[in-house]
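# Coordinate inspection notes
Read off the chains here:
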Amino acid sequence: MRVSQKLEYACRAMAQLAKQADGKTITRLDEIAQREAVSSNFLVQILNDLRRSGLVTSKRGKFGGYLLSGKPGDISLYDIVQSVEPTLLEDTTNTEGASGNAVNKAWSTASANFAASLKTIKLATLTETDSGPMFYI
C-alpha cells in the first residue's frame, strides 16, 4: 500500500503528540519536526488540518505549540486519514458497463473493510517503544 508523505507525517506528528499526552504538555512545532526529520513548513500545514478536524489544539506565542485534543486510545488511524487524506476513503468507482456493478461492489466492500480496519488501530499503539504489533489489512 502506498501512503502519501502527508499522511505519513501526520501519523508521525500525532505519535509525537501522543507521547506527551497528559492534557497539559504543549509540544513545539520545531521539536516535532526535529524528532521526526520533517520540514517544519510542511508540518505546520498538516497540523493545521489536524487542528481544523479537532484532533489537536494549538497555542500561539513564545510558549506555543500543539497538543492532542483527546486521549491516544480514543483517536484512530481512521480519524487521522479522515483529517488529512479524506479522498483515500472515498468510493470512486462507477457502475458503467456490463461488469460495472460487480466491480463497484467489490471495491466498495474492500473500502469498507479498510475503513473498519483503520478504526481499530489506535494512536496509542504508535507510541509503543518496541517493534510493536504487526497490522495486516
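About the thresholds
- Residues numbered from 1 in each chain as written.
- Predicted model: local features only at pLDDT ≥ 70, side-chain atom pairs only at ≥ 80, totals over all residues.
- Heavy atoms only, no water.
- Salt bridge = Lys/Arg side-chain N within 4 Å of Asp/Glu carboxyl O.
- Helix = DSSP H or I, 4+ residues; strand = E, 2+ residues; numbered from the N terminus.
- Buried < 20%, exposed > 50% of the residue type's maximum accessible area, 1.4 Å probe, protein only.
- Arc of directions from axis to C-beta.
- Contact = heavy atoms within 4.5 Å.
- Pairing = 2+ DSSP bridges.
- Axes fitted to C-alpha atoms, helices over the stretch in contact; angles between N-to-C directions.
- Left-handed = near helix turned anticlockwise from the far one by under 90°.
- Nonpolar A, V, L, I, M, F, W, Y, C, P; charged D, E, K, R; others polar.

## A few points about the pattern of salt bridges
The full count for this structure, using the stated rule, is six salt bridges. Glu31 is the partner of Arg35 in a salt bridge, and the nearest nitrogen-oxygen pair spans 3.4 Å. With a gap of four residues between them, Arg35 and Glu31 both fall in helix α2 (residues 29-36), about one helical turn apart. Its relative accessible area of 44% is what places Arg35 among the partly exposed residues. Salt bridges linked by common partners bring Arg28, Asp30, Glu31 and Arg35 together as one network.

## Details of helix α4 (residues 77-84)
Those residues of α4 that fall on the buried side of the exposure criterion are Leu77, Ile80, Val81, Ser83 and Val84. Buried residues along α4 cover an arc of 160° about the axis, so they all sit on one side. In the core, the buried residues of α4 are packed alongside α1 (5-19), α3 (40-52) and α5 (100-120).

## Here we look at the pairing of strand β1 (residues 56-59)
As judged from the four bridges shared by β1 and strand β2 (residues 65-68), these two strands associate in the antiparallel manner. From the neighbouring strand, Val56 faces β2, where its bridge partner is Leu68. Hairpin geometry of β1 and β2 is characterised by an intervening segment of five residues between the two adjacent antiparallel strands and by a positive phi of about 105° at Gly61.

## So, the packing of α2 against α3
Two numbers describe how α2 lies on α3: the axes approach to 10 Å, and their chain directions differ by 115°. As α2 packs across α3, the resulting crossing turns out to be right-handed. Taking contact as the criterion, the partners of Leu29, Ile32 and Ala33 in α2 are, on α3, Ser40, Leu43, Val44 and Leu47. Within the contact of α2 with α3, the residues separate by chemical class into six nonpolar, one polar and no charged.

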